[in-house]
Structures are given as C-alpha cells and as structure tokens.
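Each chain is listed here by its residues.
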Amino acid sequence: MIYFVALICVLGIAAGQILFKLSATSLHKTGNLFDPGTLMTLFSAFALYGVTTLAWVWVLQKVELGKVYPLMALAFVLVPIGSYFIFGEKFQSQYFVGVAVIIAGIIITVKA
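Keep in mind that this is a model prediction, so the values were computed, not measured.

## Quick notes on helix α4 (residues 75-87)
Between its first and last C-alpha, α4 extends 17 Å over 13 residues, near the 18 Å set by a 1.5 Å rise per residue. Close packing links the buried residues of α4 with α1 (2-30) and α5 (93-111). Positive backbone phi, approximately 75°, marks G88, located one or two places after α4.

Structure representation (structure tokens):
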C-alpha cells in the first residue's frame, strides 16, 4: 500500500509538470497571467503538487527515504511520455537508453 501511494505521488508530480507546461503555453498565448484558463491550469498544478506533497509526507512516515525516493526517478520517464502525447514533443533515440538505465537503477535501488 505504501509503495502504491508513492507511485501515485510520482504520477501526481509528473501530471503537475504537464499542467505547469500547459499553463506556460496558455500564458504565452494570452500574454496575461490573470487569464481565467491560465490561472485555472496554474492553480490546478499547485493544488496537485500540494496534495502530492502531503501524500509524500505520509509515505515518508512509513518508509525510509532512501528506500522510496528512487521511485521519484520515474518522473523522468513519465513527463517526456506525457509531453509526447499532449504537446507532440519528439524523442531522441538516446531517450530510450536513458529510460532503460533509469528503470534498471530504480529496480536495483528498491531491491537493495
């Protein structure tokens, strides 16, 4: 259960990054930070980060930081995947090598 909540935290952090990018894109289009769409997206990102942080604190009450923190590296995998689907950003071939190294590192450190 604790590792499940930790994974939800990682997903929340990754989704928050996508929301921050959406708010930046909206700000660029409108040129106005107080545009309702921009504000809604930005505050959604803040709210998601806030809830995720509270959940992360709960996780850290239950598990050693060194055991669970490597899961945060999954955000380096999830954010570019989200940016591919939402913003049409492209990957370099090295990205897949990096993903394999990150996942291998996560598996090694979590099993240690």
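## Section: the packing of aromatic side chains
Inspection of the entire model under this criterion finds eight aromatic pairs. Ring plane angle 50° and centroid distance 6.3 Å describe the contact between F43 and F46, whose orientation is recorded as tilted. One end of the pair is F43 and the other is F46, both in helix α2 (residues 36-62) and three residues apart, which spans about a single turn. Three or more aromatic residues joined by ring pairs make a cluster, and in this case those are Y84, F85, F91, Y95 and F96.

## Side note on the nonpolar core
Inside soluble globular proteins, nonpolar side chains tend to come together where they are buried. Judged by nonpolar contacts, the single largest core of 13 residues is most densely connected at A6, W56, V59, V68, L71 and M72. Secondary-structure elements contributing two or more residues to this core are α1 and α2. At five residues, α1 tops the list of elements feeding residues into this core.

## Remarks on the environment of M72
By the secondary structure assignment, M72 is in the loop between α3 (65-68) and α4. When its relative accessible area of 15% is taken as the criterion, M72 is described as buried. When sequence neighbours within four positions are dropped, the list of residues in contact with M72 reads C9, V10, I13 and W56.

## Details of the packing of α1 against α2
α2 packs onto α1 with a crossing angle of 160° between their chain directions and a minimal axis gap of 8 Å. For the element pair α1 / α2, the angle class is roughly antiparallel. The handedness of the crossing between α1 and α2 is left-handed.

## Concerning the side chain of T52
Note on placement: T52 falls in helix α2. Overall, T52 belongs to the buried group, its relative accessible area being 6%.

## Examining the confidence of the model for the chain
Averaged over every residue, the pLDDT of the chain is 94; residues scoring 70 or more account for 100%. When pLDDT is averaged over each helix and strand of the chain, the minimum, 89, is found for α3 and the maximum, 97, for α2.

## What to know about the packing of α4 against α5
One can describe the packing of α4 onto α5 by two numbers: an axis separation of 9 Å at closest approach and a directional angle of 145°. From α4, F76, V77, P80 and I81 reach across to α5, where they touch Y95, V99 and I102. When grouped by side-chain class, the residues that make up the contact of α4 with α5 number seven nonpolar, no polar and no charged.

Here is what the cut-offs are and how they apply
Residues numbered from 1 in each chain as written. Predicted model: local features only at pLDDT ≥ 70, side-chain atom pairs only at ≥ 80, totals over all residues. Heavy atoms only, no water. Helix = DSSP H or I, 4+ residues; strand = E, 2+ residues; numbered from the N terminus. Expected span 1.5 Å × (residues − 1). Contact = heavy atoms within 4.5 Å. Phe/Tyr/Trp six-rings, centres within 6.5 Å; stacked < 30°, edge-to-face > 60°. Core = buried A, V, L, I, M, F, W, Y, C linked by side-chain atoms within 4.5 Å. Buried < 20%, exposed > 50% of the residue type's maximum accessible area, 1.4 Å probe, protein only. Axes fitted to C-alpha atoms, helices over the stretch in contact; angles between N-to-C directions. Parallel < 35°, antiparallel > 145°, perpendicular 65-115°, else oblique. Left-handed = near helix turned anticlockwise from the far one by under 90°. pLDDT = per-residue confidence, 0-100. Nonpolar A, V, L, I, M, F, W, Y, C, P; charged D, E, K, R; others polar.

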